[in-house]
Amino acid sequence: MSTDLHLSLLSHALSRARLSPPKPTNFRVGALLYSPSSNPQILTTGYTLESPGNTHAEQTCFLKLAAAHSMPSSADGEAEDRLGPFLPSDTVLYTTMEPCNKRSAGNLTCVERILRVRGEDGGVAIRRVVCGVREPEKFVGENEGRKRLEEAGIEVVHVGGLEEEILEVATAGHVKE
Ligand SMILES: [Zn+2]
């Protein structure tokens, strides 16, 4: 897949991030699931706080797609547990910021969510994650999620070019020093 295509899909995810309400306590992130062999190719999109509660962009992608397949999810993690068999094998997760690997108690991280989505063969259903920037260390320290994803056989690709815009949108609600 070309860099141009990566950037165009990341830009689309960024346009979703702009819809997220600015808050001092989190990053405004946008994400989408893309399958080159599907029609439409963009399976779903999500942004920070789009779904009810303290929800992340990737989490909303999973919740919306589960709902579209008539799998209403009440318990946290349920969407991810059920969704795998419905995802095309070429599904790629695009997210403006790398998926979180630490969250406050009671919330699954997006890394855990991605790892929970399993195909019928038990393998990870999302084999590629494309992100625009690394997660800044501001809230939870260094993000070691990339390693966890790669150890599970998921390719993690950083695509540069939109960092400045992504961070500006992500931190719009933060108190500037
Ligand atoms: Zn997250």
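Everything that follows concerns the structure shown earlier in this document.
Residues numbered from 1 in each chain as written. Predicted model: local features only at pLDDT ≥ 70, side-chain atom pairs only at ≥ 80, totals over all residues. Heavy atoms only, no water.

Undergrad: So what about the overall build of the protein? Which residues, and what values?
TA: Scanning the protein from N- to C-terminus turns up six helices and five strands. Of the regular secondary structure in the protein, the N- to C-terminal order runs α-β-β-α-α-β-α-β-α-β-α. Against the globule reference of 16 Å for 177 residues, the protein gives a C-alpha radius of gyration of 15 Å, in line with a compact fold. When burial is assessed residue by residue, the protein has 49% of its 177 residues classed as buried. In the protein, the proportion of contacts linking residues at least 24 apart, taken out of those at least 6 apart, comes to 69%. Per element, the accessible surface of the protein, about 8300 Å² overall, is 49% carbon and sulfur. Mean positive and mean negative side-chain charge positions of the protein (19 and 24 charges, respectively) differ by 4 Å. (Helix = DSSP H or I, 4+ residues; strand = E, 2+ residues; numbered from the N terminus. Rg over C-alpha atoms; globule rule 2.2 N^0.38 Å. Buried < 20%, exposed > 50% of the residue type's maximum accessible area, 1.4 Å probe, protein only. Contact = heavy atoms within 4.5 Å. Areas by Shrake-Rupley, 256 points an atom, 1.4 Å probe, with all protein chains shown as cover. Lys, Arg positive; Asp, Glu negative; His and termini not counted. Charge placed at Lys NZ, Arg CZ, Asp CG, Glu CD.)

Undergrad: Describe the coordination of the zinc ion, listing the residues and the values that go with them.
TA: The protein atoms that coordinate the zinc ion are His56 (ND1), Cys100 (SG) and Cys110 (SG), at distances spanning 2.0 to 2.3 Å. Considered as a linear motif, the donors of the zinc ion on their single chain read H-x43-C-x9-C. Placement of cysteine 100 in the loop between strand S3 (92-97) and helix H4 (110-116) and of cysteine 110 in helix H4 is noted, with a sequence separation of ten residues between them. No difference in accessibility class separates cysteine 100 from cysteine 110, as the two residues are buried. (Donors = N, O, S within 2.8 Å, 3.2 Å for Na, K, Ca; no water.)

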